[in-house]
Each structure stands twice: as C-alpha cells, then as structure tokens.
Amino acid sequence: MATKLVNFLGKGVPQGARSPFFKNRGWINGQWVEAKEKRYFPVTNPANTELITEVPDMQREDVLEAIESSYAAQKLWRRQTAKSRALLLRQWYELMNKHKSEIAKMITIEQGKPYTESLNEVNYGMSFIDWFSEEGKRLYGDVLPSPQENKRMFLMKEPVGVAALITPWNFPLAMITRKAGAALAAGCSIIIKPSEETPLTALAIAQLSHEAGIPPGVINVLTCSRDSVHEVSDVLLDDERISKISFTGSTAIGKRLIAGSANTVKKLSLELGGNAPFIVFDTADVDVAVKGAIAGKFRNAGQTCVSPNRLLVQSKIYNEFVDKLTQAVSNLKVGDGLNDGIDQGPLINAGAIDKVERHVNDAVDQGGEVLVGGTRMTSLPGTFYNPSVLINVNNEMLITREETFGPIAPIIKFDTEDEAVSIANNTQFGLIGYFYSRDIDQIWRVSDALETGMVGINEALLSNEVGAFGGKKQSGFGREGSKYGINEYINIKYVCMGNLKT
Ligand code: SIN
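Residues numbered from 1 in each chain as written. Predicted model: local features only at pLDDT ≥ 70, side-chain atom pairs only at ≥ 80, totals over all residues. Heavy atoms only, no water.

Remarks on the UniProt feature "domain: Aldehyde dehydrogenase" (unreviewed entry) in the chain
To keep things clear, this is the line we draw: UniProt positions are given in the numbering used here, feature names are shortened, and annotations may be inferred rather than shown by experiment. Strands are runs of DSSP state E lasting at least 2 residues, helices are runs of H or I lasting at least 4, and numbering of each runs from the N terminus.
If you check UniProt for "domain: Aldehyde dehydrogenase" (unreviewed entry), the listed places come out as residues 32–495 in our numbering. Secondary structure across residues 32–495 divides into 39% helix and 21% strand, with the first and last C-alpha atoms of the span separated by 41 Å.

Next comes the structure, spelled out in structure tokens:
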C-alpha cells in the first residue's frame, strides 16, 4: 500500500471529526518520517471498517535510527533537572487538556469506544503525566549509616536509560502515558511502539510533546504493521542501547519478550492478560453489584485486561442478580461511538468478533444458555457484537478459562465462599479480582485469599494514577501509577566514599 499524501484521511474519518493532530508519519528525532522502505499499512475505523489513513510500516533500519536518536537524547535528558523535566511534562499535560476533545474523537475513530469513554480515557491518561511530573521531583535517594567510621555511603537513583514502550490498542492514550510519564520523569528517553490498530493517538500526542518543548529524540514513535512487529521488537530486544521494555498486552507476547530480552538482560515490566473473577456474595447489595458488573464488564465493550471475565454469583441472590443484570444489559445502546447516547461501540476488528463467537458457541455447546445477546450485530457496518448474558456456565468452558475481551457476562452459580474463592483462583492469571459483600469478616477473608495483584471490593473501577496497577502469576510483574510506578524506570546506584580522615 502506498499513499504519498501527508495527512491523507479516508472515509473512516467522519466530517466534523478531522483534527490538525492527525499525523500519518512516524516520529523520530523530532521529525515526521516515512519508513525507509516506503511501506505503509492501513488504519481503519472499526465502527464502519473504512480506511482512516495509512501509516509507515517501519522495519529494522527505522528502528535503529530511533534507537540512535533516543540514546543520544537520553544523555542530555537525564542531565536536565527534575524540575525542568517536570515543567515540560506539565506543559505536555496542559496541551493534552486543551485538545482533549480532538484526542477523544481520534480515540473513538481508531479504537471504537464511545466518545464519553474516550474523554474519560484522555482524563485518565493525562493524569499520569501530571502525577509523574510531581513524582519525578521527589525521587530521593538515601544516605546510609556507615558501618565503618571512614566511609560515607549513598544510594542514588538513576534513570535506566532508553525505554521501549510497547502498548496495546484498547487504551491508545492511557497505556502510553502510564508508562511515558514515569519513564520521562525518571530521566529515561522513550521509544513508543503503539499497536498497529491505533497508532494515530500516539502520533497526535507526540506532536503535542513537541509543542510542549520536549526535546527531539526524547520521545520517538515507531509505527509498524502486524507483519513487521516481530522484526521491530527483535531489534529492540537485541540492542544493548535499550535498557528497559515495558509492555501491556497478551501473556503469549509477554513470554516472548522475557525470552527475547535474556540475551541483553533488560529490565522488564509486563502487564499481561487477565481472567478476572467478579464474585457476588449473598451478603452483597445486589443493585451496587449489578451497576459494577455493567461498568466493569461493558466498559470498552469488555476489551480491557481488568474486565470481569467470570461472574460468580451465590445461590440465594442468584435469581435477583441475573434478572437485574439481564435487564440492564438489554438496555445498553450499541453503535458508532461518535453518536450521542451510545453505551457500547464496536470490537476492534473481525478477529475479536471471531474470538467472542468461538467462546459463546463453546459455552452453548456445553450447556450454557444465552439470556440476552449471543450474536454479532449485523444491522451495523462495523465489527459489533451484541451485549450478552450467559448462564449455566462452568469453569471448564473456554469463556471462563481464556480472556474473552468482549461484551459477554458469563455467570457461574456457587453455594459457599470457599467454593467461590477456589473457582476464582483456579486460573493461571492473577491481575485483578472483584467481589461484592457487606460482611466485614468476609471482606478481609476474601481480599486476602484472592491470588491477584489488585482487588476491587464493592467497586469495579479501580484504575487511576494514585493506585498501583499490576498483577501476579501469568498476568505479569511491575507496577504502573502510584509512588511505585517510577521505580520501574530507575536503577539504584550504591556509592561509597572511603578512606576519609574523620
Ligand atoms: C488494560 O486493559 O490493560 C488497562 C485497563 C485500565 O487501565 O483500567
């Protein structure tokens, strides 16, 4: 594919949603660049499958150029004071804030989520830049009490170097800023490799970083197609000048990055797949639980790593919960996220629909019953799936073993607390678990027992810049946000001054 027009926009961008921030070039060393091999790949709007634009399909030589520029820029960036880095980050934040409605529209156009959700994502994403601009100023080291009189000992915090940020399509902005804020505040330069589905938001905020005054090379953005992604990531993995990889995405790719980085021993943070249990005990406020299930499960059409993947409901309140949830799901309005009043947009692509369909069919073949939904939506041109509720589900079905990443609420009935905890923990994943209860003893018991990095108690929306986002087991390691997020981008250097005449 080759479209030579700079900032060409196709039919995938509705009139009125055109923005000066649509960029269809890679961003390397402060320049908008083509791929050296002049290859391109298409970016489409999942709400109508129309072409938005084409962006460079970068390869090895482009990656090497980005690494060289990042490596040189980092040497200068780390020497800037934390205060001056904070001011630049703050200006970046202000520009995102000023242009938040254009950015939100762009997210909706390339990713599909409803505009109000996109706006929430912009606010959420920006909050990491604000937060880490402050955290960077408080990156204190330690002065240690020396065990010998003639020594003085210090622990200094240093940026790790160049960080490659490999980010997913489900949050085209926030999964970048959650990493970038911490990395830049710590003094790292970054190479962003956005998903091939949603590169445009990344390119737009690169433009804003430039307008904010962040120097060339401190932020580079490499775009590449799905076919080129292994080549691009292999160059990043093999290059000694990359010290850190932060990745959000599937467990399978996370394992590939662990293995691939062994040769150059890179620092890693991995936010991988989830299989979140959402337990509603007899002791719960059912209305609060239904509201939480809608918010958590149907946000972004179920395409978040923290989406409840298995709803476990205790027998006494089972009928009430199922009836109320089914009613609420039937009321969800599906459509193009740029239209008013839409609760659920399309799934990201045809492959996502196929996966959801496979999970639902597998459940139904094994005795699952669809109460609402259970089908693709064919009345709309995009990749839409009807919001669905399934009952008679068990923990053996694909839909409860794998991350479905779609708008399906599969419900498992249980009798005892022990049974629920054991089903909840019976998975290789450990990102997040939710439960609803008003029994304080049960609350602490279950919170302790869940084998996850995060726990939502009577709450399905936990994500913000103050909390520490991250998992355990095969959901990965490392934390993003909070006072801990910046540690992922620093090394501790122990400095000892000896032979002092004291
Ligand atoms: C994710 O899906 O990986 C992130 C979800 C969130 O930040 O809430």
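Examining the site of the ligand
What counts is decided by this rule: Consider each residue's heavy atoms; a residue with any of them within 4 Å of a molecule or strand counts as near. A 3.5 Å cut-off defines polar contacts: any pair of N or O atoms within that distance qualifies, except that in protein one atom must be a possible hydrogen donor and the other a possible acceptor, and neighbouring residues in sequence count only when both atoms are side-chain atoms. Accessible surface area values rest on a Shrake-Rupley calculation with a 1.4 Å probe, where residue burial reflects the displayed protein chains alone. Here the term charged refers only to Asp, Glu, Lys and Arg, the term nonpolar to Ala, Val, Leu, Ile, Met, Phe, Trp, Tyr, Cys and Pro, and the term polar to all other amino acids, Gly among them. Residue ranges labeled as domains rest on an automatic or database domain assignment.
Taken together, 13 residues form the shell around the ligand, and within it Y124, R178, E271, C305 and S463 come nearest. Y124 has a polar side-chain atom sitting 2.6 Å from an oxygen atom of the ligand. Between an oxygen atom of the ligand and a side-chain N or O atom of R178, the distance comes to 3.0 Å. For the ligand, whose free accessible area comes to 260 Å², the fraction covered by protein is 100%. Split into classes, the residues belonging to the shell around the ligand amount to 6 nonpolar, 4 polar and 3 charged. Shared between two domains, the shell around the ligand takes at least three residues from each, and those domains are domain 1 (26–272 + 479–491) and domain 2 (276–464).

Regarding empty space enclosed by the protein
Put simply, the test is: A pocket, in this scheme, is an open set of points on a 1 Å grid over the protein atoms alone with protein on both sides within 12 Å along at least 5 of 7 lines, while a cavity is a set where a 1.4 Å probe fits but cannot get out; residues line either one if an atom lies within 4 Å of a point. Grid points are joined across faces, edges and corners, and a volume is the space filled by probe spheres set on the points.
The tally for this structure, following the rule as stated, stands at 4 cavities of 30 Å³ or more. F171, M175, R178, V306 and F469 are, among the 13 residues lining the largest cavity, the residues nearest its centre. For the lining of the largest cavity, the residue count by class is 6 nonpolar, 4 polar and 3 charged. Here the lining of the largest cavity spans two domains, and each of domain 1 (26–272 + 479–491) and domain 2 (276–464) adds at least three residues to it. Considered as a void within the structure, the second largest cavity measures approximately 50 Å³ in volume. Every residue lining the second largest cavity is counted, 14 residues in all, and those nearest its centre are P277, T427, F429, G430 and T452. The set of elements that each furnish at least two residues to the lining of the second largest cavity consists of β12 (276–280), α13 (417–425) and β17 (429–430).

A short note on the environment of A352
Rule in force here: Burial classes: relative accessible area under 20% of the type maximum marks a residue as buried, over 50% as exposed, and values in between as partly exposed (1.4 Å probe, protein chains only).
Here A352 lies in helix α11 (residues 350–365). Assessed through its relative accessible area of 14%, A352 is described here as buried.

Brief notes about the domain arrangement of the chain
Applicable threshold: What makes two residues a contact is simply this: any of their non-hydrogen atoms within 4.5 Å. As a working definition, buried area equals the accessible area (1.4 Å probe) given up by two parts on being put together, with both sides summed.
Entries for the chain in the domain assignment read domain 1 (26–272 + 479–491) and domain 2 (276–464). If you average the C-alpha positions of domain 1 and of domain 2, the two centres end up 31 Å apart. The interface is formed by 25 residues belonging to domain 1 together with 27 residues belonging to domain 2. In this assembly, domain 1 packs against domain 2 so that about 2,000 Å² is buried in total across both faces, 60% of it on carbon and sulfur atoms.

So, the packing of aromatic side chains
Formally: A pair of Phe, Tyr and Trp rings is counted when the ring centres sit within 6.5 Å of each other, with Trp represented by its six-membered ring. The angle between the planes then sorts it: under 30 degrees is stacked, over 60 is edge-to-face, the rest tilted.
Going through the model one piece at a time under the given rule, you end up with 8 aromatic pairs. With 5.9 Å between their ring centres and 45 degrees between their planes, F278 and Y434 make a pair best called tilted. Of this pair, F278 sits in strand β12 while Y434 sits in strand β18 (residues 432–436), placing them 156 residues apart in sequence. Residue F278 is classed as buried on the basis of its relative accessible area of 0%. For Y434, a relative accessible area of 1% puts it in the buried group.

Remarks on the packing of helix α3 (residues 100–111) against helix α6 (residues 199–212)
Cut-off, in case you're wondering: Under this scheme, a helix contributes an axis fitted over its contacting stretch, all axes are lines through C-alpha atoms, and angles between N-to-C directions fall in the 0 to 180 degree range. Here the word oblique covers every angle except those under 35 degrees (roughly parallel), over 145 (roughly antiparallel) and from 65 to 115 (roughly perpendicular). Handedness of a crossing is defined here by the sense of rotation of the near helix relative to the far one, left-handed for an anticlockwise turn of less than a right angle and right-handed for a clockwise turn.
Contact geometry for α3 and α6: axes closest at 8 Å, N-to-C directions at 160 degrees. Comparing their axes, α6 and α3 come out roughly antiparallel. Where α3 crosses over α6, the handedness of that crossing is right-handed. Side by side, α3 and α6 meet where I103, M106, I107 and E110 of the first sit next to P199, L200, T201, A204, I205 and L208 of the second. Along the lines of polarity and charge, the residues of the contact of α3 with α6 split into 8 nonpolar, 1 polar and 1 charged.

A closer look at the sheet that holds β12
What counts is decided by this rule: Note on pairing: DSSP must find at least two bridges between two strands before they are called paired.
Within the open sheet, the 7 strands sit side by side as β14-β15-β16-β13-β12-β18-β19. Their pairing is mixed. Each edge of the open sheet carries a strand with a single partner, namely β14 (369–372) and β19 (454–457). Taken pair by pair, the neighbouring strands of this sheet meet at an average axis angle of 25 degrees, ignoring direction. When β12 meets β18, the two strands line up parallel, connected through 3 bridges. Within β18, the residue paired with I279 across the bridge is F435. The sheet strands contacting helix α10 (residues 315–330) are β12, β13 (308–314), β14, β15 (388–391) and β16 (408–414), and the helix crosses β13 at an angle near 140 degrees.

Regarding the layout of surface pockets
Within this model, the largest pocket holds a volume of roughly 1,100 Å³. Considering the residues around the largest pocket, the lining is formed by 43 residues, among which W169, R226, G249, S250 and I253 are closest to the centre. For the lining of the largest pocket, the secondary structure elements donating two or more residues are α7 (229–238), β10 (242–248), α8 (251–260), α11 and α12 (398–401). When residues of the lining of the largest pocket are assigned to their parent elements, the largest contribution, 5 residues, is made by α8. Taken as a whole, the second largest pocket spans an internal volume of roughly 430 Å³. E117, N120, A295, R299 and L461 are, among the 19 residues lining the second largest pocket, the residues nearest its centre. Listing elements by their share of the lining of the second largest pocket, those giving two or more residues are α4 (115–135) and α9 (286–298). Top element by residues in the lining of the second largest pocket is α4. It accounts for 5 residues. Taken together, the residues of the lining of the second largest pocket sort by class into 10 nonpolar, 4 polar and 5 charged. Here the lining of the second largest pocket gathers at least three residues from each of two domains, domain 1 (26–272 + 479–491) and domain 2 (276–464).

With respect to the sheet that holds strand β5 (residues 142–144)
Think of a sheet as strands paired side by side through backbone hydrogen bonds, with each pair either parallel or antiparallel. Taking strand neighbours across the sheet as the criterion, the 3 strands line up as β5-β6-β22 in an open arrangement whose pairing is antiparallel. A single partner strand is all that each edge strand has here, and the edge strands are β5 and β22 (490–497). Direction aside, the axes of adjacent strands within the sheet are offset by 25 degrees on average. Across 3 bridges, the pairing between β5 and strand β6 (residues 152–159) is antiparallel. Each residue of the ladder has a partner; that of V143, found in β6, is F154.

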